[in-house]
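Residue-level listing of the chains:
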Amino acid sequence: MSNSNVEKCPNENIPEYAFIGRSNVGKSSLINMLTDRKSLAKTSGRPGKTQLINHFKINENWFLVDLPGYGYARVSKKDKKTFQKYITNYFEQRAQLVCSFVLVDIRHEPQKIDMEFMQWLGENGIPFCIIFTKADKLKPAIIETNVNAYLKTMTEGMWEEAPQYFVTSSSKKIGREALLQFVDQVNTDFFARQS
Ligand code: GTP
Ligand code: MG
């Protein structure tokens, strides 16, 4: 299901996981990698591909949610405002949202927009993990250096503890098992709380 109004999102009480981050960071590609489908979520080399809140129901008992990227410079101010409104509504109102995956490109230094977004999630009590994307672009030693530097920026900033994180590559299928295992555990906890 795709729409731009949180009130019209599916109203089943099953756990859901949202994928959010800068445009072009690889949100839609990661959803395809996790589900082992080539083009379940639409991807593109041009930023701004995903425009709506897209719910994908998995195995009849959880949702993956593909969201538009933030920080895409070429949209108009008015579009940016509309986008911000429906995305913030989504995060604030979606009770079954058990975890947000904040995607960041592993090649880049911490970006202000991502830091601000994670701060906003924290202030609103919305649980999140960081997913480092495009790990295939770097050598393992550099991956470790970049991840450590990233987490250090967080713990030297407003965070007492670094969040849980995953290193992934959609093209090389890195991180798939770890992420699916995490989802499985969180789903189990969710259903245990319901019963
Ligand atoms: P928007 O919907 O525009 O916000 O972008 P998105 O975050 O959904 O990114 P998308 O999945 O469409 O991928 C953007 C570009 O990055 C595409 O050209 C992908 O092929 C590429 N890409 C995504 N993941 C990876 C990856 O793990 N490795 C490499 N090398 N490229 C990737
Ligand atoms: Mg997308």
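See the structure printed just above.
Residues numbered from 1 in each chain as written. Chains lettered and ligands numbered in written order. Predicted model: local features only at pLDDT ≥ 70, side-chain atom pairs only at ≥ 80, totals over all residues. Heavy atoms only, no water.

A. Looking closely at the sheet that holds strand β1 (residues 2-3). With respect to topology, seven strands assemble into an open sheet ordered β1-β3-β4-β2-β5-β6-β7, the strand pairing being mixed. Only two strands of the sheet have a single partner each, and these edge strands are β1 and β7 (165-167). The pairing of strand β2 (residues 16-21) with strand β4 (residues 62-66) spans four bridges and is parallel. Directly across from alanine 18, in β4, lies its bridge partner valine 65. Its contacts with the sheet put helix α3 (residues 112-123) on β2, β5 (97-105) and β6 (128-133), and the angle it makes with β5 is roughly 165°. (Pairing = 2+ DSSP bridges. Helix = DSSP H or I, 4+ residues; strand = E, 2+ residues; numbered from the N terminus. Contact = heavy atoms within 4.5 Å. Axes fitted to C-alpha atoms, helices over the stretch in contact; angles between N-to-C directions.)

B. Representation of the site of ligand 1. In the neighbourhood of ligand 1, 22 residues make up the surrounding shell, with Lys27, Ser29, Gly48, Asp136 and Ser170 lying closest. Contact distances for ligand 1 include 3.0 Å between an oxygen atom and a backbone N or O atom of serine 44. Out of a free accessible area of 650 Å², ligand 1 has 85% covered by protein chains. Of all the cavities here, the one that holds ligand 1 is the second largest pocket. (Near = heavy atom within 4 Å. Polar contact = N/O pair within 3.5 Å; in protein donor to acceptor, adjacent residues only side chain to side chain. Areas by Shrake-Rupley, 256 points an atom, 1.4 Å probe, with all protein chains shown as cover. 1 Å grid on protein atoms, 1.4 Å probe; cavity = no way out; pocket = protein on both sides within 12 Å on 5 of 7 lines; lining within 4 Å. Sits in = over half its atoms within 2 Å of the grid points.)

C. Just the nonpolar core, in detail. Membership of the largest hydrophobic core comes to 35 residues, with the highest contact counts inside it found for Leu67, Tyr90 and Phe91. Elements with a minimum of two residues in this core: β2, β4, α2 (77-93), β5, α3, β6 and α4 (140-156). Aside from chain neighbours lying at most four places away, what touches leucine 67 is Ala18, Phe19, Ile20, Lys27, Thr50, Leu52, Ile53, Ile87, Tyr90 and Phe91. The next biggest cluster of nonpolar side chains, apart from the first, holds 24 residues, and it includes Phe19, Val25, Ala41 and Phe166. (Core = buried A, V, L, I, M, F, W, Y, C linked by side-chain atoms within 4.5 Å. Buried < 20%, exposed > 50% of the residue type's maximum accessible area, 1.4 Å probe, protein only.)

D. Structural context of the layout of surface pockets. Put simply, the largest pocket is a space of about 510 Å³. Every residue lining the largest pocket is counted, 23 residues in all, and those nearest its centre are Gly69, Tyr70, Gly71, Phe83 and Gln84. Sorting the residues of the lining of the largest pocket by element identifies α2 and α3 as the ones contributing at least two each. It is α2 that contributes the most residues to the lining of the largest pocket, eight residues altogether. (Points joined across faces, edges and corners; volume = space filled by probe spheres on them.)

E. Spatial organisation of the packing of aromatic side chains. Counted under the stated rule, the structure contains 14 aromatic pairs. Judged by centre distance (5.6 Å) and plane angle (85°), the rings of tyrosine 17 and tryptophan 62 are edge-to-face. Of this pair, tyrosine 17 sits in strand β2 while tryptophan 62 sits in strand β4, and the two are 45 residues apart along the sequence. For tyrosine 17, a relative accessible area of 0% gives the class buried. Accessibility expressed as a relative area gives 8% for tryptophan 62, which makes it buried. Relative to phenylalanine 101, the ring of phenylalanine 19 has its centre 5.2 Å away and its plane inclined at 55°; by these criteria the two rings are tilted. (Phe/Tyr/Trp six-rings, centres within 6.5 Å; stacked < 30°, edge-to-face > 60°.)

F. Structural detail: the pattern of salt bridges. In this structure the tally under the stated criterion is eight salt bridges. A salt bridge links lysine 57 to glutamate 12; the nearest nitrogen and oxygen atoms lie 2.5 Å apart. With lysine 57 in strand β3 (residues 53-58) and glutamate 12 in the loop between β1 and β2, this residue pair connects regions lying 45 residues apart in the sequence. Residue lysine 57 is classed as partly exposed on the basis of its relative accessible area of 37%. (Salt bridge = Lys/Arg side-chain N within 4 Å of Asp/Glu carboxyl O.)

G. Spotlight on unusual backbone geometry. Of note in the backbone geometry, asparagine 24 takes a positive phi value of approximately 80° without being a glycine. Relative to the elements of secondary structure, asparagine 24 occurs in the loop between β2 and α1 (27-35). Residue classification places asparagine 24 among the partly exposed positions, given a relative accessible area of 34%. Phi is positive for aspartate 36, which is not a glycine, with a value near 60°. As for its placement among the helices and strands, aspartate 36 is situated in the loop between α1 and β3.

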